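Structural description and commentary
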Amino acid sequence: MKSKRLLLALAVIGVLLTAMLFAGCTTPTKPPTTPMATTTPGEQQDLLIATTTSLYDTGLLDDLAGIFGPAYNANLRITAKGTGQALELGQNGDVDVVMVHDRAREDTFLQNGYGVDRRVFAYNYFIIVGPPSDPAGIKNMTPTEAFTTIYEKGQTDPAVVFVSRGDASGTHAREQLLWKNAGYNYSLIRTSGPWYVESGTGMGATLNIANEKDAYTLSDIGTFLAYQGNLTLVPLVTEGDDLLNVYSAMIVNPAKFPDTNVELSKEWINWLISPDTQNLIANYGVEQYGQPLFYPARDNWQLLGVSQAETQDPIP
Amino acid sequence: MIMAGFLEGLSPIAQGIQQAFSLLISLDPQILRITALSLIITMSAVLIGTLISIPLGSAIAYGKFRGRNAVIWLIQTLYAFPTVVIGLIVFLFIRKTGPFGSLDLLFTPQGMIIGQTILVLPIITGLTISALVAVDLTIRDTISSLGATRFQFLISTLKEARFAILAAIALAFGRAISEVGAAIIIGGNIASPGNFWTSTRTLTTAITLETGKGDIALSIALGIILLLIALVINVIISIVQNR
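Residues numbered from 1 in each chain as written. Chains lettered and ligands numbered in written order. Predicted model: local features only at pLDDT ≥ 70, side-chain atom pairs only at ≥ 80, totals over all residues.

**Observations regarding the overall build of chain B**
Check the secondary structure of chain B and you find 11 helices and 0 strands. When its helices and strands are written in sequence order, chain B yields α-α-α-α-α-α-α-α-α-α-α. Along the longest, intermediate and shortest principal axes, the C-alpha atoms of chain B span 75 × 50 × 35 Å. Relative to its full complement of 243 residues, chain B shows a buried share of 42%. Considering only contacts in chain B between residues 6 or more positions apart, those separated by 24 or more positions represent 76%. (Helix = DSSP H or I, 4+ residues; strand = E, 2+ residues; numbered from the N terminus. Buried ≥ 20, exposed ≤ 12 C-beta atoms within 10 Å, placed from the backbone. Contact = placed C-beta atoms within 7 Å.)

Here it is, written out as structure tokens:
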């Protein structure tokens, strides 16, 4: 008889929980948008963001979401993907906003009408990191020299290994560009031997893999600094024009996907490029890591090679 | 040298475990949310799965139709349905451009329930079939000879097989709560502090992705909870089977 009661209890718990779950879902998640969300205490709204892993792995986005959410009565739902996956989700209308760092693919995304209203909100630099022993001897080379050397030494010296993101992320795109700039055909590099491995995962996880393998990898400086405490890897190549790393946000085109929460998307992006938030970005992590992880885009548009409007004009 | 390195390497693990326990003892709200969400998603999936599987399993167990053996064989093959494949299939169907895109299920707990329901269906159905078929023939004959209607016959045999079926449900629960492939593809490991019901961060996805983020204490704490859940399930199964 005990088992009957147990079964009954389990069933009741299950039914109650399911009821709770569906009760939770029946509240409209996307009510008609109120343009003045800051002043109108309306119903909380959802904003779904697909982001490049570096903004998430460094903790920056959680930090910013923690300030924006309560202030705008918004529930920011963030899924961390590589730039490629984030753009793919945007192309299918599965998210409201994409936050990425690959200018070339962003341009295609905008030209094909999948996204609108790009704003540039932050930048930092890519760096080539590797084991302190630096078996290929690339320290202080230019990025393309360093890549050439890693490739050549990798052919003969088993201690020289390079870990690629291999996930169509923005960092992976930059790595491919650097191989191209160094005069190599990327598909040949990929298959040229055991010195080249692909992690297929986010920046943080890739740094951990490179660390375990005593290998070289390309990273954005922000994620590297955030993870440095647990790594023996050191920065080896930190300077070069082709290492600039620019982060943008775009709204998924409401003309293609009417479900996009345009108003809240605009508020989020406009808030990102506002002087106060730019200050937050500039100071993020300084106390903990001794230097900023990201730089504000606002007054640096010339350095970034983008229009001034793209860094500071609010989306109308 | 190796010994010194070994001992030195143990200290961050010990530290992580220590921090994990202090998180557990302090009932860290993040841990409570993640655990509650995991339990709700899996319980819902198992409940839905059970409601479908028991009638389905009964129909197949006592049904006489062409291809019955093939169906059973197929169901048993699906015990090992790779969860990432379930995740991929569900993802393709529920994304905006997919056939069920208008339902807005991607990156929601409801979407994850669908994935886990697909996972538990063959397990509960298949084991229900085995349980019903295993009910002693003499018992079945007795029930029939007492002039039971088909419905009465089914209820009686289900009663006979109840412990095995309950064990099947517990087994399915254990597999669903510990799966990660479908949960990451469908859910996306979203923390949504503003609204519990739009969060998709479960025990397994948090361990997978937050470890990469360096949050070791959290991951260890969640791992301990998963193990405790597995322990509870095993205790239930063994209590039930010892009857």
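From this point, the narrative continues.
**Quick look at helix α2 (residues 29-62) of chain B**
Over its 34 residues, α2 of chain B runs 48 Å from end to end, which matches the ideal 50 Å to within 8%, given 1.5 Å per residue. Its maximal kink placed at Ser53 of chain B, α2 of chain B deviates by approximately 25°, while the proline Pro55 of chain B follows within four residues. (Expected span 1.5 Å × (residues − 1). Bend = angle between axes of the 7 residues up to and from the residue.)

**As for the domain arrangement of chain A**
All names here are of chain A. According to the domain assignment, chain A contains domain 1 (45-123 + 246-312) and domain 2 (125-243). Using C-alpha coordinates to define each centre, domain 1 is positioned 26 Å away from domain 2. In this complex, domain 1 contributes 19 residues to the contact, which on the side of domain 2 involves 15 residues. Those elements that place two or more of their residues in the side of domain 1 that touches domain 2 are α2 (53-57) and α4 (83-91). Here the side of domain 1 that touches domain 2 is built from residues that sort into 5 nonpolar, 11 polar and 3 charged. (Domains from an automatic or database assignment. Nonpolar A, V, L, I, M, F, W, Y, C, P; charged D, E, K, R; others polar.)

**Structural notes on the nonpolar core**
All names here are of chain A. Among the nonpolar cores identified, the biggest contains 139 residues, and Val97 and Val98 are the most heavily contacted of them. Here this core spans two domains, and each of domain 1 (45-123 + 246-312) and domain 2 (125-243) adds at least three residues to it. Residues within four places of Val97 in sequence aside, it is in contact with Leu47, Ile49, Ala249, Ile251, Val252, Ser265, Trp268 and Ile269. (Core = buried A, V, L, I, M, F, W, Y, C linked by C-beta atoms within 7 Å.)

**As for unusual backbone geometry**
One non-glycine residue, Asp117 of chain A, lies in the positive phi region at around 55°. Its location among the elements puts Asp117 of chain A in strand β4 (residues 115-130). Judged by the 19 C-beta atoms lying within 10 Å of it, Asp117 of chain A is partly exposed. Despite not being glycine, Asp104 of chain B shows a phi value in the positive range, around 55°.

**A closer look at the pairing of strand β3 (residues 97-100) of chain A**
In the case of a regular strand, side chains alternate between the two sheet surfaces. Residue and element names in this part refer to chain A. Residues of β3 alternate between two faces, with Val97 and Met99 on one and Val98 and Val100 on the opposite face, all of them buried. As paired elements, strand β1 (residues 45-51) and β3 share 3 bridges and run parallel to each other. Across the sheet, residue Ala50 finds its bridge partner in β3, namely Val98. When β3 meets strand β9 (residues 244-252), the two strands line up antiparallel, connected through 4 bridges. Across the sheet, Val97 pairs through a bridge with Ile251, a residue of β9. (Pairing = 2+ DSSP bridges.)

**Overview of the packing of helix α3 (residues 68-77) of chain B against helix α5 (residues 109-134) of chain B**
Residues and elements named next belong to chain B. In the contact formed by α3 and α5, the axes pass within 8 Å of each other and the chain directions differ by 130°. By the angle class used here, α3 and α5 are oblique. Where α3 crosses over α5, the two elements pack in a sense that is left-handed. Seen from α3, the contacting residues are Ile72, Ile75 and Gln76; seen from α5, they are Pro122, Thr125, Gly126 and Ile129. For the contact of α3 with α5, the class distribution of residues is 4 nonpolar, 3 polar and no charged. (Axes fitted to C-alpha atoms, helices over the stretch in contact; angles between N-to-C directions. Parallel < 35°, antiparallel > 145°, perpendicular 65-115°, else oblique. Left-handed = near helix turned anticlockwise from the far one by under 90°.)

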